Structures are given as structure tokens and as C-alpha cells.
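An overview of the molecular structure
Below, each chain spelled out in residue letters.
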Amino acid sequence: MQKGGYKMNHHFQTSQRLQKYLIDIIKSALSSSATNSVEINTNLDCNVPEKDIHKIAGPFIDEWTYEIFNRASSTHTNIKSVTSKESSSLEDIYISLELDGITYDILIDVKSASLAKGNNAGKGSNLTSFRKIRPFYINNPDAFFFILSIEHKSIINNNKCYGFHLVDCNIFDLKYVSESELKFNTAMGDQFQISNSMKVTQTERTTDEFVALIDKMFLNKYSQDKLDKLIVTEEANRHTAIISEEIISILCKNEPLTKINILSYLKVLYPDISTSQLDKSIKLLKDSNRIQTINRRDYVIVK
């Protein structure tokens with residue numbers, strides 16, 4: 001992609017349209033008393049400790065956001081699917097959205113911004129890490145990875161806290177965040193931090209330019225040697241993932257298979273593949289619950 005070229009401009013404009021479509025759904029939910037709160041009831045005298053409610057808001061707001069989009073999919077035919085992801089995933093929510101006959105895969109990372117922090121709500125929000133986002137964009141240069149920030153305040157009744165009202169929101173594409181607003185959280189290693197998640201400037205750039213930007217930020221903080229080691233690790237993880245998909249393809253046609261059987265199939269494609277590489281790929285599949293063993297030795301796909 002060339003800077004200023006059609007593809008770059010088209011991707012930026014498409015990102016803006018997708019953001020608007022999604023944020024309009026959230027704003028509509030925020031404007032209704034039927035959908036703009038999360039109520040929590042416990043058996044504690046205080047019900048919910050108000051001073052700590054911002055610490056537990058994240059999972060509730062993640063689920064609220066998923067449910068709002070999932071309900072919207074029943075009336076918005078453009079929304080093809082909505083999926084809530086595991087906490088270990090890069091995104092909290094995956095959405096398949098169609099615009100002008102083209103279906104786009106959108107990854108959304110949901111962040112909560114507590115008004116209990118006053119004017120600091122949304123400021124210094126932690127985003128994803130360098131070691132996660134760099135390989136993601138290297139392998140998915142045309143991806144849409146959005147950050148959705150939801151601002152909230154406590155529900156107080158008779159000096160007790162009963163959850164929170166959701167009062168405002170903002171959405172932005174990580175790849176386009178202005179350089180001056182993105183930095184590393186020095187206390188959390190390679191975790192990115194944004195100046196204010198509720199007020200973000202987006203700047204047109206290519207994926208290559210974004211990767212170059214975060215590489216420069218990483219080098220300014222660490223060293224070329226550490227970056228080189230991370231890139232080597234990225235490549236090794238990518239190779240492990242590729243082998244894992246080959247294993248799934250092999251099992252689809254031939255299950256059940258022992259590890260030795262799987263290795264013999266793989267050697268046709270990768271003559272130099274080692275048993276240690278096979279073990280890494282099998283572990284990746286087992287950890288993600290995609291394959292399992294039967295009879296303590298045969299592997300099959302989890303149905």
C-alpha cells in the first residue's frame with residue numbers, strides 16, 4: 001500500500017464508516033433507560049463496594065457490549081454474526097459486518113472508563129501489548145481492530161451502590177491513533193497506553209507505517225537485540241500455528257490418528273519437521289480445545 005494511494009484511503013474511509021455504524025448502536029443503547037445500566041445485587045451490607053466498582057466493571061461492560069451487539073443483530077441485517085471471545089484473546093468481541101455487499105471482520109477490545117476518576121476518566125487507559133498487536137498486523141494487514149471505550153458512573157440508592165450507569169462511549173481504530181497519543185505504560189512492560197480513550201485523534205497511515213511506528217517506540221524503550229528476539233519468537237509462533245492448522249486438516253480426513261501417524265503425514269509437507277515442533281502445535285490445539293485424545297494415544301477433533 002502506498003501512502004496517499006487509493007487502497008490506503010479506502011481502508012481509512014471504510015474504518016470510519018464501520019466505526020460510525022457500531023458506535024451508533026452503542027449510543028442508541030446508552031440513550032435508553034431500559035439498556036443503559038448494569039445492576040448488581042449481592043448479600044453484602046453495602047451491596048457493592050463503591051470505591052472498588054471500577055475494578056470489577058470491565059467484565060460486566062464486556063458482556064453488556066456483547067449483548068447489545070448480539071441483540072442488534074436481530075434487527076440489523078448488516079450484522080452477520082457476533083461472538084464473545086475468551087479473556088486470553090486479543091479482542092473481547094468479534095463482529096462480521098456487511099457494508100455495500102462486502103463483509104468485514106471486526107475485532108473489538110472493550111475498555112471501561114470510570115467517572116469516579118473525575119476528569120481522569122479514560123485517561124491513561126491500557127490497551128493491548130506490543131508482542132500481541134505486532135504479529136497480528138503483520139499477519140492481518142487489512143484487519144480492523146477497534147477499541148471501544150465505555151464511560152460509566154455508580155448507581156447509588158440509600159447510600160448503597162447497585163452497579164453502574166453507562167453514560168458515554170468512544171470508538172477508534174488502533175492502527176490510526178495519533179503518534180502523540182500512544183505510548184508504553186512503563187510500569188507494564190510492552191503494554192500500550194493511550195492519553196485519553198474518550199477523546200482520540202485518528203491519523204491516516206498504512207499498516208507498514210503503523211508497525212514501523214510501534215517498532216520505533218519499542219526501540220526507544222528497549223533495544224534492537226530485544227526486538228530481533230521478539231520477531232524470532234513471532235515467526236516461531238506463526239509457524240507453530242500453521243502446523244496446527246495442517247494437523248486439523250489431516251485429522252479431518254483421517255481421524256483418529258496417533259502422534260506418529262500425524263508426524264508421518266506432516267513430513268510429506270515438511271520433511272524437516274521435528275517431534276518438538278509437532279508437540280508445540282499439538283499443545284496449541286489442545287490448549288484451545290480443538291483436539292483431544294481418546295484411548296490415551298489417538299487424536300481426534302473436538303466436535
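Structure shown above.
In short, a report on the structure. Remember, predicted model here, so these are calculated numbers, not experimental data.

**Topic: the pattern of salt bridges**
Applying the stated criterion across every chain yields a total of 15 salt bridges. Asp24 is paired through a salt bridge with Lys20; the nearest N and O atoms lie 2.8 Å apart. Pair noted here: Asp24 and Lys20 are both in helix α1 (residues 6-30), with a separation of four residues, about one helical turn. Residue classification places Lys20 among the exposed residues on the basis of a relative accessible area of 52%. Across the pair Lys303 and Glu255 runs a salt bridge, and its minimum N-O distance is 2.6 Å. Of this pair, Lys303 sits in the segment after β11 (298-301) while Glu255 sits in the loop between α5 (224-254) and α6 (259-269), placing them 48 residues apart in sequence. On the basis of relative accessible area, Lys303 is assigned to the exposed category, the value being 78%. Overlapping salt bridges, with partners in common, bring together Arg134, Asp215 and Glu234 in one network.

**Focus: the packing of α5 against helix α7 (residues 275-287)**
Two elements in contact, α5 and α7, have axes separated by 8 Å at closest approach and are oriented at 75°. Considering their axes alone, α5 and α7 lie roughly perpendicular with respect to each other. Note on element contacts: α7 touches α5 through Gln277, Leu278, Lys280, Ser281, Ile282, Leu284 and Leu285, opposite His239, Thr240, Ala241, Ile243, Ser244, Ile247 and Ile248. The class makeup of the residues in the contact of α5 with α7 is eight nonpolar, five polar and one charged.

**Notes on the environment of Glu209**
One can find Glu209 in helix α4 (residues 207-221). Separated by 34 residues in the primary sequence, Glu209 and Lys175 place their C-alpha atoms 9.1 Å from one another. A polar side-chain atom of Glu209 sits 2.8 Å from the main-chain amide nitrogen of Thr206.

**With respect to the nonpolar core**
Membership of the largest hydrophobic core comes to 38 residues, with the highest contact counts inside it found for Leu22, Ile26, Trp64, Phe69, Ile95, Ile108 and Ile150. For this core, the elements supplying multiple residues, two or more each, are α1, α2 (53-72), β2 (79-84), β3 (93-99), β4 (102-114), β6 (144-157) and β7 (160-173). In this view, Ile95 contacts Leu22, Phe69, Ile79, Ser81, Val82, Tyr104, Asp105, Ile106 and Ile108; residues no more than four positions away in its chain are not counted. One finds Phe145, Phe172, Phe192 and Met217 within the second-largest nonpolar core, a separate group that totals 26 residues.

**Some details on the packing of aromatic side chains**
Scanning all chains against the criterion turns up 13 aromatic pairs. Relative to Phe164, the ring of Phe60 has its centre 6.3 Å away and its plane inclined at 75°; by these criteria the two rings are edge-to-face. With Phe60 in helix α2 and Phe164 in strand β7, the pair connects residues that are 104 residues apart, well separated along the chain. Three or more aromatic residues link up through ring pairs in this structure, and these residues are Phe130, Phe184, Phe192, Phe218 and Tyr222. Lying over the aromatic face of Tyr222, Lys226 brings its terminal NZ or CZ to 4.2 Å of the ring centre.

**Some thoughts on the sheet that holds strand β9 (residues 191-196)**
Ordered in space as β5-β9-β8, the three strands form an open sheet in which the pairing is antiparallel. At either margin of the open sheet sits one strand with a lone partner, and together these are β5 (123-129) and β8 (182-184). Within the sheet, the average angular offset between the axes of one strand and its neighbour, ignoring direction, is 35°. In terms of strand pairing, β8 meets β9 through three bridges, oriented antiparallel. Bridge assignment links Lys183 to a residue of β9, and that residue is Gln193. Across the face of the sheet, helix α3 (residues 130-139) comes into contact with β5, β8 and β9 while running at roughly 55° to β5. Across the sheet, α4 is in contact with β8 and β9; its angle to β8 comes to roughly 35°.

**Points about unusual backbone geometry**
Omega for the peptide link from Glu255 to Pro256 comes to 0°, which places this bond in the cis form. Structurally, the position occupied by Pro256 is in the loop between α5 and α6. Backbone geometry places Asn289, a non-glycine residue, at a positive phi of 60°. On the secondary structure map, Asn289 appears in the loop between α7 and β10 (291-294). A relative accessible area of 53% means that Asn289 is categorised as exposed. Positioned with a positive phi, Arg296 is a non-glycine residue whose angle comes to about 65°.

Scoring rules and cut-offs
Residue positions are counted from 1 within each chain, in the order its sequence is given. The predicted origin of the model limits local features to residues at a pLDDT of at least 70 and limits the giving and counting of side-chain atom pairs to 80 or more, whereas totals for whole chains, interfaces and linings rest on all residues. Side-chain measures here rest on the full set of heavy atoms in the structure, leaving out hydrogens and waters. A pair is scored as a salt bridge if a Lys or Arg side-chain nitrogen falls within 4 Å of a carboxyl oxygen belonging to Asp or Glu. Working definition: helices are DSSP H or I runs of at least four residues, strands are E runs of at least two. Numbering for both runs from the N terminus. When accessible area is computed with a 1.4 Å probe and restricted to protein chains, residues below 20% of their type maximum are described as buried, those above 50% as exposed, and intermediate ones as partly exposed. Axis definition: a line fitted to C-alpha atoms, limited for helices to the stretch in contact. Angles are taken between N-to-C directions and run from 0 to 180 degrees. Oblique is the label for every angle not falling under 35 degrees (roughly parallel), over 145 degrees (roughly antiparallel), or within 65 to 115 degrees (roughly perpendicular). Only heavy atoms matter for contacts: two residues are in contact if any of them lie within 4.5 Å across the pair. When residue character is reported, Ala, Val, Leu, Ile, Met, Phe, Trp, Tyr, Cys and Pro are called nonpolar, Asp, Glu, Lys and Arg charged, and the others, Gly included, polar. Whenever a nitrogen or oxygen atom comes within 3.5 Å of another N or O atom, the pair is scored as a polar contact, on the condition that within protein one atom can donate a hydrogen and the other can accept it, and that pairs from neighbouring residues in sequence are kept only if both atoms are in side chains. Only buried residues count toward a nonpolar core. Its members are Ala, Val, Leu, Ile, Met, Phe, Trp, Tyr and Cys residues joined through side-chain atoms within 4.5 Å. Pairing of aromatic side chains here covers Phe, Tyr and the six-membered ring of Trp, requires ring centres within 6.5 Å, and sorts the geometry by plane angle: under 30 degrees stacked, over 60 edge-to-face, intermediate tilted. Only lysine NZ and arginine CZ atoms are considered, and such an atom sits over a ring when it is within 6 Å of the ring centre and within 35 degrees of the ring normal. The rule for pairing is simple: two strands pair if DSSP sees at least two bridges between them.

Coordinates in, geometry out; function isn't part of it.
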